[in-house]
Amino acid sequence: MRPHASREPRWSADDGRDSTQRGGTVTDLPDKPPGSVYPMVFVPVSPGTRIGNYEILAPLGAGGMGEVYRARDERIGRDVAIKILPPSFAESEDRLTRFESEARAAGALNHPNLVTIFELGRHEGGPFIAMELLEGHSLRGLLDEKAAGAAKDDATRVSPIPQRKAIEYAVQIATGLAAAHDRGVVHRDLKPENIFVTTDGRVKILDFGLAKQTGIEGGDHQDAATQKRDTAPGTVMGTVGYMSPEQVRGQAVDHRTDIFSFGAVLYEMLTGRRAFRGDSQVETMNAILKEDPPELASARGSTTSGVSPALDQIVRHCLEKNRNERFHAMHDVAFALGHLSSMSGQAQALDLAPERPRASRRFVAVVALVSLLAGIAIGWIAKRGAGGGSADTTHIPAQVLRPFTFSGHDLHPAASPDGRMVAFASSRDGRARIWLRQIEGGGELALTEGTDGTPSFSPDGATVLFVRQGGSGKSDVFRVPALGGAPRRIIEDGVDAAWSPDGSRIAVLRQVQRKDGYDTKVLLVNPDGSGLTDLATLRNMAGQHPRWSPDGKRIAVSDTSPGYRNRRPSLVGLDGKVTEPKLLQNAGLHSNVAWIDNDRVVMAEVTSTTYAPSGMGSRVFLKNLVTGESLNLFYTQEPVFRLDVTNDGRVIVDQIVVRQNLHELPLPGAAGGTGRWLTRGASQDRQPAYSRDGKLVVFSTTMSGNLDIWSVSTEDGALRRLTEDPADDFDPAMSPDGKYLLWSSRRSGNYEIWIANADGTGARKLTSDGVDAENPTMTPDGQWVVYNSYNSTRAGVWKIHPDGKGDTRISSEGTAQLPEVSPDGKWVAYSTSMVGTRFLSVVSIDGGEVQRVSELVYPPAAGMQGNFSPGRARWSADGKSLAFLDCIQSGACGLRMQKFEPGGDTRATRRDLTPFDLFAPPESFSLSPDGKTMVLSANDQAERIVITDPIPLLARTQTNDK
């Protein structure tokens, strides 16, 4: 390439850097004071010139990394953007080779928030990149557009982007970076110039793979092509303000450098100011290394609304100087921000009055949005009378819940009696172990070697109880010194345990499988394992989370029975008597009980009675067992299953943050591509089911802020909402002729099977179970709808005619769930839950003997996947095989297929359809009718522990503890 000297870049009239660049792929344009001219060396390319397979149509712009042109790919009739890189890239073959390697890695990325690279080539010895043509503005252009006509108080001040819009952009940026990091690609030069917003609001990240070639990573700032300098002495522009501390020091970098740069970009979007700035490059770099940016609220000034504390926490956590203290992954950042995306401004105050009759589902959905990750949790201060039941809510402070752990794989918090330590279960290193973390200071260490979960402290804080998962699926109760040492088994076959207040006894729960459900035995044992006593049996209940009252007279036990509905905590007296106080607004998913004193407890219930990934959060509340008064402490966006309260009144909860999207993939052996996303976002899209012609997939989703049924076209990706009732609608199926939609809904007050036209119109209730009918499927001839019931008086698998007549039980197994009819209509496959195990079973559509097809591992192993639960099995198109979700003892789960022969043992034919994943397993799936593809609900899950500031009302006194 022949250099062309002193060519001046083109500028828009308003000095917006890129507002005229309708291709949008121009980045790295320098800040240019009016009248300034920058000499750059480029090769002029005239319209009509052919570069590879592309004909140049018009110039789009220029920057430090090259010139960009609109071009035409005549082969497919598509306009593209061509970036021609500086001749300096061709001067060193080694540098050119490294650049091409980086660019190819970036080109392998396929994500809606990353610019798509079509081709990497060479023209006259120098490299060029062909990429998608975008319409819109860079983020830098939008920031400057906000500042147009407004006074600036310094050279870097612009009007901020509205908080709601900034969060919306940030979620897309974080999601795109997470996808790149998953493929091992790090940007290294994230800044507003490299972020593009299309005219329809889609964010695209540009120039992956280019930053490393600039020499920034190794500290060679002389050759930093993406590092911009203003001609005004002492003014720093461009990349310097977005470097991570490790980049400034010239250290090797990884994906965490992008997290820091992301934090700087988000800070600027929210405040209009750069997070780090100085009068020179050296001062700016020094600020990155040593200074913290001003608080977001103060930096925004008086012209805009404040920033929520949780959003400030997210930004601060991204901008930690020590990369080990930042978010561990961009996925975690995306999760945190995803639940802020529907809010604008500060969170609204919650209703703090005593409990009233439950409002509509839409109201609950709105309330649930005001959450932990939305940033505001409301506590209250009250005066306690002698009985601890009266409350004064005239002075109610906002209570911020702060992240306590950050690995994304932490559950089951338990506070030490002195309030200084929290024990929890974590699988952060691939092993489920018990960890300890200081409440103040943040030091962490692993206490056990796994596979362990559900810890609790002895009253003196010297010992930690925990449950260890065994290879048989059963678990045993162990104890270990809090200072470390060899664990000691106390008792076999226990799912959870807790110390008595005086430390003399341990309550152990043992689940007993019956044909029609579970019972739970409450056992008492001495700390050395002797003196085993059978205290009580909790009928029809899978008990967990035992908690002693401070006086040692009662043990509260939570219910984790299959079905997720109709769960009620129980109180077991030392005389063996069992009571079921009304603690919950809705009988359903709930946490353990944390005793404040002998009359009052803190606990949480999920605001939706469907399974956890329904998108509903939890209500955390204080309940007086004597007066029945219930006062809400705060709501969270995600479900809470385990909590504790420290002596000074801090509430510690675990949070399972779930994003699920639909991913269509070719079945092994089928011809086709590598797969595609049918949905992609921060919602929970699950329970997919193909229509008989394969042109639609129906699924349940939280896209609308409510749990509804939607469809997506497999031909053009068009999405359509099919149900709009405020009640939960989920687990859909299509009739074989494609005319009807089936699903389970609570719109009648309890869960029943509903049927409607394929577009959702004409909905009517089909069953009259009275409690909980779920998981409908239809026989090929359309004569029967098959479903399962969780009603204890009629539990099992049933069939009913579409006119609501002829209700007949097929299987009476009480834990039977998730039925699926074979293509020939002769067989029904379903899952049966056991303690630590599931069975894939098949029974004739007419009933009769049940055939156990395969024994499956029931997730999770202790402490691993929280409340992850696999969806229903699916028949192959020819009806000769069953595909199902299975797990291994480590907690990793995946999809398998096994042949089916009536009466035959086919376990030897079992094979894997997908890899087994520990942290992002598939949750539910469907097989296409033509046997060529499958669609998976990819379960992108993170677990973390959060903590409140002390709430005086919850502080325990020494008298209460005795």
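Residues numbered from 1 in each chain as written. Predicted model: local features only at pLDDT ≥ 70, side-chain atom pairs only at ≥ 80, totals over all residues. Heavy atoms only, no water.

### A few points about the overall build of the protein
Here is the rule: Secondary structure follows DSSP: runs of H or I at least 4 residues long count as helices, runs of E at least 2 residues long count as strands, and numbering of each begins at the N terminus. Between two residues, a contact is recorded if the distance between any of their heavy atoms is within 4.5 Å. Calculation of accessible area relied on Shrake-Rupley with a 1.4 Å probe; when residues are assessed, cover is drawn exclusively from the protein chains displayed.
Of the regular secondary structure elements, the protein holds 12 helices and 59 strands. Taking the intrachain contacts of the protein between residues at least 6 apart in sequence as the baseline, contacts between residues at least 24 apart amount to 53%. Carbon and sulfur atoms provide 49% of the accessible area of the protein, an area that totals close to 34,800 Å².

### Here we look at the state of the cysteines
Note the following rule: The disulfide criterion is simple: two cysteine sulfur atoms within 2.5 Å. A simple rule labels every residue: compare its accessible area, found with a 1.4 Å probe on the protein chains alone, to the largest value its type can have, and call it buried under 20%, exposed over 50%, or partly exposed in between.
Summed over the entire model, instances satisfying the criterion amount to 1 disulfide. With its sulfur 2.0 Å from that of its partner, Cys 887 forms a disulfide with Cys 893. On the sign convention where negative means left-handed, the S-S torsion of about 100° between Cys 887 and Cys 893 marks this disulfide as right-handed. Judged on exposure class, the residue Cys 887 and its partner Cys 893 are both buried.

### Looking at helix H7 (residues 281-290)
For the record, the criterion: The reported arc concerns the directions from the helix axis to the C-beta atoms and nothing else.
When we look at burial in H7, the residues that qualify are Thr 284, Met 285, Ala 287 and Ile 288. Considered in projection along H7, the buried side chains sweep an arc of 155° and stay on one side of the axis. Seen from the buried face of H7, the exposed residues on the opposite side, beyond 90 degrees, are Val 282 and Lys 290. In this structure, the buried residues of H7 make contact with helix H5 (245-248) and helix H6 (255-271).

### Brief notes about the sheet that holds strand S38 (residues 686-690)
Keep this limit in mind: Strands qualify as paired when DSSP identifies two bridges or more between them. Between the N-to-C directions of two axes lies an angle of 0 to 180 degrees, each axis being a line fitted to C-alpha atoms and, for a helix, fitted only over the stretch in contact.
Taken together, 4 strands build an open sheet; the order of strands is S38-S39-S40-S41 and the sheet is antiparallel. Strand pairing shows two members of the sheet lacking a second neighbour, S38 and strand S41 (719-721), which therefore form its edges. In this sheet, adjacent strand axes meet at a mean angle of 25° when their direction is disregarded. As paired strands, S38 and strand S39 (residues 696-701) are joined by 3 bridges and run antiparallel to one another. Looking across to S39, one finds that Ala 689 is bridged to Val 698.

### Quick notes on the environment of Gly 136
Note on placement: Gly 136 falls in strand S9 (residues 136-138). By relative accessible area, Gly 136 is classed as buried at 1%. When the C-alpha atoms of Gly 136 and Gly 201 are compared, they prove to be 8.7 Å apart, with 65 residues separating the residues in sequence.

### Here we look at the pattern of salt bridges
The cut-off we apply is this: Here, a salt bridge means any side-chain nitrogen of Lys or Arg that lies within 4 Å of a carboxyl oxygen of Asp or Glu.
Within this structure, the stated rule accounts for 47 salt bridges. When the shortest N-O distance is used, the salt bridge between Arg 70 and Asp 79 registers 3.4 Å. Judged by its relative accessible area of 25%, Asp 79 falls in the partly exposed class. A salt bridge links Arg 794 to Asp 807; the shortest N-O distance between them is 3.0 Å. Of the two residues, Arg 794 sits in the loop between strand S47 (785-789) and strand S48 (796-800) while Asp 807 sits in the loop between S48 and strand S49 (808-811), which places them 13 residues apart along the sequence. For Arg 794, a relative accessible area of 15% puts it in the buried group. The exposure class of Asp 807 is partly exposed, given its relative accessible area of 32%. Salt bridges sharing common partners tie together Arg 70, Arg 72, Asp 79 and Glu 135.

### Looking at the environment of Asn 113
Applicable threshold: Polar contacts, as used here, are pairs of N or O atoms within 3.5 Å; protein pairs need one atom able to donate a hydrogen and one able to accept it. Residues neighboring in sequence count only if both atoms are side-chain atoms.
With respect to the helices and strands, the residue Asn 113 is situated in the loop between helix H2 (93-107) and strand S7 (117-123). C-alpha of Asn 113 to C-alpha of Ile 173: the two residues are 60 residues apart in sequence and 6.7 Å apart in space. Residue contacts for Asn 113: discarding those within four places in its chain leaves Gln 172, Thr 175, Gly 176, Arg 202, Val 203, Lys 204 and Ile 205. A polar contact is formed between the side chain of Asn 113 and the side chain of Gln 172, at a distance of 3.1 Å. For Asn 113, the side chain forms a polar contact with the main-chain oxygen of Val 203, separated by 3.0 Å.

### Some thoughts on the sheet that holds strand S15 (residues 410-415)
Strands sit in the order S15-S16-S17-S18 across an open sheet of 4 strands; the sheet is antiparallel. Edge positions in the sheet fall to S15 and strand S18 (444-446), since each has one partner strand and no second. With strand direction ignored, the average angle separating the axes of adjacent strands in the sheet is 25°. Pairing of strand S16 (residues 421-426) with strand S17 (residues 433-438), which is carried by 6 bridges, proceeds in the antiparallel orientation. Counted as the bridge partner of Phe 424 is Trp 435 from S17.

### Some points on the packing of helix H4 (residues 163-182) against helix H10 (residues 330-338)
Rule in force here: Note on angle classes: values under 35 degrees are labelled roughly parallel, values over 145 roughly antiparallel, values of 65 to 115 roughly perpendicular, and the remainder oblique. Note on convention: near helix rotated counterclockwise from far helix by under a right angle means a left-handed crossing. Clockwise means right-handed.
Look at H4 against H10: their axes get within 8 Å of each other, and the N-to-C directions meet at 155°. As judged from the angle between their axes, H4 and H10 are roughly antiparallel. Between H4 and H10 lies a crossing whose hand is left-handed. Along the contact surface, H4 presents Ile 167, Ala 170, Val 171, Ala 174, Thr 175, Leu 177, Ala 178, His 181 and Asp 182, while H10 presents Met 330, His 331, Val 333, Ala 334, Leu 337 and Gly 338.

### Some thoughts on the confidence of the model for the protein
What counts, and what does not: Note on scores: pLDDT gives the predictor's confidence for each residue, bounded by 0 and 100.
Model confidence for the protein is summarised by a mean pLDDT of 79, while 76% of its residues fall at 70 or above. Low pLDDT (under 50) marks residues 149-158, which in the prediction has 21 contacts with non-local residues, meaning those over four places away or in another chain. Residue range residues 958-962 is modelled with pLDDT below 50. Its contacts to residues more than four positions away, or to other chains, number 8 contacts.

### Looking at unusual backbone geometry
A positive phi angle, close to 55°, is found at Asp 493, a residue other than glycine. Inspection of the secondary structure puts Asp 493 in the loop between strand S22 (488-491) and strand S23 (496-499). At Asn 775, a residue that is not glycine, the phi angle is positive and equals roughly 55°. One can find Asn 775 in strand S46 (residues 773-778).

### Digging into the packing of aromatic side chains
Put simply, the rule is: Stacked, tilted and edge-to-face pairs are distinguished by plane angle, under 30 degrees for stacked and over 60 for edge-to-face with tilted covering the rest, among Phe, Tyr and Trp rings (Trp via its six-membered ring) whose centres lie within 6.5 Å. Our definition puts a charge over a ring when NZ of Lys or CZ of Arg is within 6 Å of the ring centre and also within 35 degrees of the ring normal.
According to the stated counting rule, one finds 6 aromatic pairs in the structure shown. On the numbers, 5.6 Å between centres and 15° between planes, the contact of Phe 260 with Phe 276 is stacked. Placement of Phe 260 in helix H6 and of Phe 276 in the loop between H6 and H7 is noted, with a sequence separation of 16 residues between them. Accessibility expressed as a relative area gives 0% for Phe 260, which makes it buried. Taken together, a centroid distance of 5.7 Å and an interplanar angle of 15° make the contact between Phe 466 and Phe 478 stacked. On the criterion of sequence distance, the pair formed by Phe 466 in strand S20 (residues 463-469) and Phe 478 in strand S21 (residues 475-481) is long-range, its members being 12 residues apart. When the ring centre of Phe 118 is taken as reference, the NZ or CZ atom of Arg 78 above it lies at 3.7 Å. A cation over an aromatic ring shows up here: Arg 468 above the ring of Phe 478, its NZ or CZ 5.0 Å from the ring centre.

### Overview of the nonpolar core
Where a protein is soluble and globular, its nonpolar side chains tend to be buried together. Put simply, the rule is: Buried Ala, Val, Leu, Ile, Met, Phe, Trp, Tyr and Cys residues that are joined via side-chain atoms within 4.5 Å together make up what is termed a nonpolar core.
The biggest cluster of nonpolar side chains holds 54 residues, and the ones touching the most others in it are Ile 173, Phe 262, Leu 266, Met 269 and Leu 337. Those elements that provide at least two residues to this core are helix H3 (139-147), H4, strand S10 (195-198), strand S11 (203-205), H6, H7, helix H9 (309-318) and H10. Top element by residues in this core is H4. It accounts for 10 residues. Among the nonpolar cores identified, the runner-up in size contains 18 residues, and Leu 401, Val 602, Val 946 and Leu 954 belong to it.

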